[in-house]
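# Structural description and commentary
One letter stands for each residue in the lines below.
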Amino acid sequence: MHIAFNAWFWNQPYSGSGQYLRALVAALRRFHPALRLSLVLPGERSADVPTEVNTVALKIGRGQLGKVLFEQRAYPAAVRRLRADIAHVPYWGAPLSSPARLIVTVHDVIPLSLPVYRGGLSGSFYFSLVRASAKGAGHILTDSTFSKSEIMAYIGVPAEQITAIPLAAGEMFHPKLGAERDEAIRVKYTLPKEGYALYLGGYDIRKNVRALIAGYTFVGPSAGDQYPLILAGSPPTQWGSARFPDLPAEIAARPGLDQWVRWIGAVAEEDKPAVYRMARVFVFPSRYEGFGLPPLEAMASGTPVVAANASSIPEVVGESAYLVDPDDARKMGGAIIAVMIQDDLHASLRAAGLARATAFSWERTARETVAVYEDVMRR
C-alpha cells in the first residue's frame with residue numbers, strides 16, 4: 001500500500017500539524033515497514049526526510065493563495081503521478097478532488113466553533129473551502145471523541161466516516177530519562193530549585209490563562225513564595241486583541257501578584273521534558289482542545305496535573321488529574337494549593353499520571369491509522 005502525504009507542515013516541526021506528521025511517519029516506518037510512504041513537499045527538498053521515504057518537492061507561490069494552490073492543484077497532481085493508493089492530508093486542508101482515496105486528519109474545528117478564530121474574509125473563504133473538502137473525504141481521522149462530535153456537529157459528517165485516534169507524548173517525556181540535564185536547564189531558564197507551578201502553551205483566549213492568573217491570587221499568599229507560577233511559551237507580538245487578552249496588564253492590576261508570577265518565554269523543544277519534570281504541578285486551564293497534548297506530556301514526565309474539565313481534556317487525562325471548572329478561579333487556585341502542599345495527593349496524582357500516559361503511544365496511533373487505511377482500501 002502506497003501512502004502519499006501532503007507535507008505542507010513537514011518543515012514546521014514545532015507546529016501541531018508538523019509534530020503530528022513527523023511522529024506519524026516515524027511510527028509508520030518503525031512499526032509498518034511494508035508501507036510505501038511519500039511526502040509531497042512545498043518548496044525545496046528537506047534534508048531531514050528519512051531515506052526510506054520518497055519525496056516530491058514542488059515549487060509554489062507564497063502566502064495563502066500559494067497554500068490553496070498547493071492543496072487543491074499541486075498536491076493532487078503529485079498524488080496522481082506517484083500512483084498512490086491513499087492521499088493522506090494530515091491537517092484540515094484537503095483537496096476538493098483527489099485521484100486516490102482521500103483521508104484527512106481534522107485535529108479540531110476551532111474556526112467553526114469559536115468565531116474569533118476565523119479571521120477576515122479570506123480566512124472565512126478558506127474555511128468554507130476546507131469544510132467542503134472534508135465532507136467529500138473518504139474518511140476523516142481526528143484526535144478525540146470530543147473532536148469527532150464537533151466535526152459531526154459543525155461539518156455534518158456522519159459518525160461512521162470519522163475515526164478518533166489519540167495522539168501520544170514523545171518518548172523524550174519521561175520522569176528520569178535525560179534528568180542529568182535538569183540542573184543546566186534550571187539555570188538556563190532561571191527556574192527555582194524548590195519547584196514551581198508551570199503553564200506551558202499559548203496565550204490566545206481559549207487557553208484561558210486569565211483564569212489561571214486570577215486563581216493565583218488565591219495561591220500566592222499561601223504558597224507563592226515557595227512555588228511561583230512559571231508562564232512558559234511564546235507570547236503574542238501584541239497583547240490586547242480579541243484573540244490575545246492583555247495578560248501582563250491583568251497581572252499588574254492585581255497588587256502583589258507580579259512577585260509570584262514569572263515569564264520565561266519560549267522553551268526549546270529539547271528542554272521541555274526537564275521544564276515539565278522539575279515543576280511541582282502543571283496547570284492547564286484551556287477551555288477548548290482537540291486533544292490537549294501538554295497535560296499528557298506533563299504526566300509522562302512525572303508531574304501532577306491540574307486541568308480544566310472541558311472539551312477533550314477529561315478523555316485524555318481520565319481520573320489521573322485534578323479537574324476543575326475552567327470558570328471557577330477560586331477552585332482552580334484551591335486545586336493548585338492542594339497538589340502543591342499535600343504530599344499524599346501529589347504522590348497519588350504523580351503515580352496515576354505516569355500510569356495513564358502509558359496508555360498512549362505512537363505505536364498505537366500508527367496501528368489504528370493503518371487499520372483505517374486498510375478499511376478504506378477494502379471499500
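This one's a predicted model, so the numbers in the text were calculated from it and none came from an experiment.

Another aspect to go through is helix α14 (residues 362-378). Between its first and last C-alpha, α14 extends 24 Å over 17 residues, near the 24 Å set by a 1.5 Å rise per residue. Three or more residues of α14 are buried, namely W362, T365, A366, T369, V370, V372, Y373 and V376. Buried residues of α14 fall within an arc of 155° about the axis and therefore sit on the same side. Among the structural elements, β1 (2-6), α1 (16-31), β4 (86-89), β5 (101-105), β6 (139-142) and β7 (162-164) are those in contact with the buried residues of α14.

Right, let's talk about the sheet that holds strand β10 (residues 261-265) for a bit. Ordered in space as β10-β9-β8-β11-β12-β13, the six strands form an open sheet in which the pairing is parallel. What marks the edges here is a single partner per strand, and that holds for β10 and β13 (322-324). Recorded for the sheet is a direction-independent mean angle of 25° between the axes of neighbouring strands. In the sheet, strand β12 (residues 305-308) pairs with β13 via three bridges, with the strands oriented parallel. Its bridge partner lying in β13, A308 is registered against V324. Packing against the sheet, helix α10 (residues 293-300) makes contact with β8 (197-200), β11 (281-284) and β12, and its axis sits at approximately 170° to β11. Its contacts with the sheet place helix α12 (residues 329-341) against β8, β11, β12 and β13, and it is angled at close to 165° to β13.

Another point: the packing of α12 against helix α13 (residues 343-357). With their axes 5 Å apart at the nearest point, α12 and α13 run at an angle of 95° to one another. Judged on the interaxial angle alone, α13 and α12 are roughly perpendicular. Counted together, A338, V339 and I341 of α12 and D343, L345, H346 and L349 of α13 form the full contact between these two elements. When the residues that make up the contact of α12 with α13 are grouped by side-chain class, the tally is five nonpolar, one polar and one charged.

Quick look at the packing of aromatic side chains now. Tallied over the full model, the rule gives twelve aromatic pairs. Considering the side-chain rings of Y203 and W263, the 5.5 Å spacing of their centres and the 45° angle between planes classify their relative orientation as tilted. Placement of Y203 in the loop between β8 and α7 (209-224) and of W263 in strand β10 is noted, with a sequence separation of 60 residues between them. In this structure Y203 comes out as buried when scored by relative accessible area, which is 2%. In this structure W263 comes out as partly exposed when scored by relative accessible area, which is 36%. Where W239 meets W263, the ring centres are 5.8 Å apart and the plane angle is 65°; that geometry is what we call edge-to-face. Taken as a pair, W239 in the loop between β9 (229-232) and α8 (247-252) and W263 in strand β10 lie far apart in primary sequence, 24 residues in all.

Cut-offs and rules
- For every chain, the first residue of its written sequence is number 1, and the numbers climb from 1 along that sequence.
- Where local features are concerned, this predicted model is filtered to residues with pLDDT of at least 70; where side-chain atom pairs are given and counted, the filter is 80 or more; whole-chain, interface and lining totals use all residues.
- Each side-chain value is derived from all of the structure's non-hydrogen atoms; neither hydrogens nor water enter the calculation.
- Labels follow the DSSP assignment, with helices taken as runs of H or I lasting at least four residues and strands as runs of E lasting at least two, numbered in each case from the N terminus.
- To estimate how far a helix should extend, the number of its residues minus one is multiplied by 1.5 Å.
- Remark: exposure states derive from per-residue accessible area (1.4 Å probe, protein chains only) relative to the maximum for the residue type, with buried under 20%, exposed over 50%, and partly exposed in between.
- Along the arc lie the directions from the helix axis toward the C-beta atoms.
- A contact between two residues is defined here by any heavy atoms of the two lying within 4.5 Å.
- Each pair of strands is called paired provided DSSP finds at least two bridges between the two strands.
- Axis definition: a line fitted to C-alpha atoms, over the contacting stretch in the case of helices. Angles run 0 to 180 degrees between N-to-C directions.
- Any angle between 65 and 115 degrees counts as roughly perpendicular, while under 35 counts as roughly parallel, over 145 as roughly antiparallel, and the rest as oblique.
- All residues other than Ala, Val, Leu, Ile, Met, Phe, Trp, Tyr, Cys, Pro, Asp, Glu, Lys and Arg, Gly among them, are scored as polar; the first ten of these are nonpolar and the last four charged.
- Two aromatic rings from Phe, Tyr or Trp, using only the six-membered ring of Trp, form a pair when their centres are within 6.5 Å; if the ring planes differ by under 30 degrees the pair is stacked, by over 60 it is edge-to-face, and anything between is tilted.

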